[in-house]
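Residue-level structure breakdown
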Amino acid sequence: MAANSNDTEITRYPVETVRNQIAACLSGFGMPDDHVAITADIMVDADKRGIDTHGISCIPNYHERQKNNMVTMDATITVVRDSPVTALIDSGGGLGYVPAKQAMGMAIDKASAMGLAVVSVRNSAHYGAAGYYSRMAARAGLIGMAMTNTSSPSVVPTFAGEGRLGTNPIAFTAPAKRHAPFNLDMATSTVAGGKIRNKAVEGLPLPPGWATDAEGNPTTDAAVSRSGGFMTPLGGLPELGSHKGYGLGAMVEILSAALSDSSLVMSENHGKRTPGSMEIGHFFLCINPTVFRPAGAFEETVDQLIDDLHATEPVDPAQKVMVAGEPEDRIEAEREKSGIPVPPGLRNRIRDVAAEAGAAFLLD
Amino acid sequence: MADTMPEGVKFYPAKTVRDQIAACLTAWGMPKDHVAITANVMVDADSCGIDTHGLSMITTYDFRRRENMITMDAEISVVNETPVTALLDAGGGLGYVPSVQATKIAIKKAKEMGVAAVAVRNSNHFGATGYYTRMMAAEGLVGMATTNGSGPRTAPTFGKDPKLSTNPIAFTAPAKRNAPFNLDMATTTVAAGKIRNKANENQPIPVGWANDGDGNPTTDPNLYFDREGTQTPLGGSRELGSHKGYGLGAMVEILSAGLSGASLVTSENHGTRVPGTMEIGHFFLAIDPTAFRQAGAFEDTVDELIDHLHATRPVDPSQPVLVAGEPENIIRAERETTGIPVPPGLRGKIQDIAKNCNAQFFFD
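So, here's what we can say about the structure. All residue numbers refer to positions counted from 1 along the written sequence of the respective chain. The order in which chains are written sets their letters, starting at A; the order in which ligands are written sets their numbers, starting at 1. Reporting in this predicted model follows two pLDDT cut-offs: at least 70 for local features of residues, and 80 or more for side-chain atom pairs to be given and counted; totals over whole chains, interfaces and linings ignore these cut-offs and use all residues. To get the side-chain values, take all heavy atoms of the structure and skip hydrogens and water.

We now examine the side chain of Lys160 of chain B. Secondary structure counts use DSSP, requiring at least four H or I residues in a row for a helix and at least two E residues in a row for a strand, with both numbered from the N terminus. Along the chain, the position of Lys160 of chain B falls in the loop between β5 (142-147) and β6 (169-173). In contact with Lys160 of chain B, not counting residues within four places along its chain, are Thr312, Glu313, Pro314 and Val315 of chain A together with Ala155, Gly213, Asp214, Gly215 and Thr230 of chain B. Contacts are assigned to residue pairs that have any heavy atoms within 4.5 Å of one another.

Right, let's talk about the sheet that holds strand β7 (residues 182-186) of chain A for a bit. All names here are of chain A. Paired strands, as defined in this entry, are two strands with at least two bridges between them according to DSSP. Strand order in the open sheet formed by 7 strands is β2-β3-β4-β11-β5-β6-β7, with mixed pairing between adjacent strands. Each end of this open sheet is capped by a strand with a single partner; those strands are β2 (78-82) and β7. Across the sheet, the mean angle from the axis of one strand to that of its neighbour is 10°, orientation sign disregarded. In this structure, strand β4 (residues 116-124) lies alongside strand β11 (residues 280-287), joined through 7 bridges in antiparallel fashion. Across the sheet, Ser124 pairs through a bridge with Ile280, a residue of β11. To get an axis, a line is fitted to the C-alpha atoms, and for a helix only the part in contact is used. The angle between two axes follows their N-to-C directions and goes from 0 to 180 degrees. Of the strands in this sheet, β2, β3 (86-90), β4, β5 (143-148) and β11 touch helix α4 (residues 97-114), which is tilted by about 165° from β4. Contacts from helix α5 (residues 131-139) reach β5, β6 (170-174), β7 and β11 within the one sheet, and its direction differs from that of β6 by about 20°.

A separate point is the interface of chain B and chain A. Many analyses report the size of an interface as the accessible area lost when the parts associate. Contacts between the two partners involve 88 residues from chain B, matched on the other side by 84 residues from chain A. Buried area between chain B and chain A, summed over both chains or domains, comes out near 7,100 Å², and the portion from carbon and sulfur atoms is 72%. Criterion for a salt bridge: a side-chain nitrogen of Lys or Arg within 4 Å of a carboxyl oxygen of Asp or Glu. Here chain B is connected to chain A by 2 salt bridges. Among the ionic pairs, Lys160 of chain B bridges to Glu313 of chain A, the shortest N-O distance being 3.0 Å. Pairing of N or O atoms within 3.5 Å defines a polar contact, subject to two protein rules: one partner must be a possible hydrogen donor and the other a possible acceptor, and residues neighboring in sequence count only if both atoms are side-chain atoms. Our count for the chain B to chain A interface comes out at 27 residue pairs in polar contact (both at pLDDT 80 or more). Those elements giving two or more residues to the side of chain B that touches chain A turn out to be β3 (85-89), β4 (115-123), β5, β6, β7 (181-185), α8 (242-258), β11 (280-287) and α9 (297-310) of chain B. Here the side of chain B that touches chain A takes 12 residues from α8 of chain B, the largest share from any one element. By residue class, the composition of the side of chain B that touches chain A is 51 nonpolar, 26 polar and 11 charged. Two parts placed together each lose some accessible area under a 1.4 Å probe, and adding up what both lose gives the buried area. Under this grouping Gly is polar, as are all residues other than the nonpolar Ala, Val, Leu, Ile, Met, Phe, Trp, Tyr, Cys and Pro and the charged Asp, Glu, Lys and Arg.

On the surface, Asp214, Asp220, Asp226 and Glu228 of chain B cluster together to form a negatively charged patch. Relative accessibility thresholds used throughout: buried, under 20% of the residue-type maximum; exposed, over 50%; partly exposed, between the two (1.4 Å probe, protein chains only). The class for Glu228 of chain B is partly exposed, based on a relative accessible area of 49%. Only residues whose relative accessible area exceeds 30% and that take part in no salt bridge are eligible for patches, with like-charged residues grouped when within 9 Å of each other and nonpolar side chains (Val, Leu, Ile, Met, Phe, Trp, Tyr) grouped when within 5 Å. Here, Shrake-Rupley sampling with a 1.4 Å probe gives the accessible areas, and only protein chains in the shown set may cover a residue. When charges are counted, Lys and Arg contribute as positive and Asp and Glu as negative, whereas His and the chain ends are disregarded. In plain terms, the charge of a residue is placed at NZ if it is Lys, CZ if Arg, CG if Asp and CD if Glu.

Below, the structure written as structure tokens:
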């Protein structure tokens, strides 16, 4: 395809176009239509909310994994165990989006009926942004929590000289009334890997505490993203409480992998030992506030908390105190109008993937 | 611990410390059955090195009971109950007895149903959060517990004023060959006690532990204790992810106060607006792994996780990689032989308190 001005500039595309591009690729990879529809919706939601690491940019990665037989695109999802307040789902080695949405849907139904529910998922793969699933719960008037373990041990425990845990995210969403839900969606590492890559691209040093070299020593050299360094757990350094971020990461590993009987991220050949599956695990929790308090009372308290936090005097008047979820809500409002930015490097990669998978290329 | 131990520290058997705690509580009018439970939970904190949450709290409780902020002969009631949830009202009493009761209810329900959540309102300080989650692990369950606090000390990211407390999270998972995985952490960078220790020793604090009254990082521990400064959320600064610690603190506030209907720590006159209670809230969650896996399989995976983490190559061979809960277990084993250290300042205060309330003094 001939080069055009798009090859050097960031171009914005309507949400629908990005969604259709994702869907076209997934279909090209052999995913059935009903799974494509759900997966593309969740992936483009991440792009819409500015979580650019978890949307269309995952497509080249998924293509690699599909070609290497690490994910099963036409996976069969089964409910292995089911009780009034718990369930265990087997993803059949497929991408995590469809089973995760099904799991949270089950948790919502059970918690709406019973007050509380936990659903665990095994034999799965990457499921995108954890906060998508906890926000599902908040829309149903419930508190939602979602966690997952990951594909590679990129985070170094406190005092350790090698990576042992993934970025192991925690998402927590609580519904409000006047405000958008409180929506925390965080890796238990200090920063996402993408932020370290960005510093490397710009030739900038890293702030102390973001990363270690391959021996586990703190480093400010952004090249660690290429030379085999590791990310730090939240806290960054032992004296700043990195053992807490490490502990939270291990908690996420236990809830995601141990409860579901998935593979531990630090185990040998994690993600590679069973063809067609990365054996990743997810955890979903729903709590119905109305079993504890009269309907609406919980949401009023969350509104009150958000009001109190907004009223905090800021250090810099130009940078007001925010509440978890607000940065993403702002970007979503903006991108619904302006579209989703796709940088030229990513667009070129998507073009190659589409060509190889026999999918239409929609980002011209 | 040893390097910060002031001169004149004396060691007492755990039973003596327990009896001293019990004597004070009894003299304050706490009924016998409540004294027994409260003293057991408090001395357990001293036994495993959480010196901020055991005997030393007697001085704080003495102040609060004289200010009529605690009801010593509180009646605990179950406000509502379902097969998997319950809400308890602590009646304005100290949080230990209602929290043990809430934990027992959660254990019973989770064993029957697979998962359970219990909220507590109208409560007070409940000691070390991890005590309750360890109770759950001792019964083969995964436990989680949170509480909000008595006063705002932590500034949100970008904020100048304190809005949240140290809002701890505890998480315990049972193992077989190893001690349980036991995370018990404040969502702040460090506990206030660590800043106090630095102030006592006239040492600077590391950048990232606390901010001055203008919200700027400070190395002067006295700025925090003169109440002009604030503690930082885990992460320490925006650059190192303090918005994540702030988000976790707000999550704890929502689970502890929002779900139970307790007072938000951000609200005006929190802890002082109703005589005889500090209106603090707690949250307890129990998950039965056998709802998801065969009996014993979960514990095997937790053992495997702990073994892998222990086998991690350390940066410094003399400082091996630890797992959450191990530092406390090491101190517990040590103090079983040495007894519990009581520094002279605390001993003097306890002597005065015992004298004033006609309680026996055991530390002669």
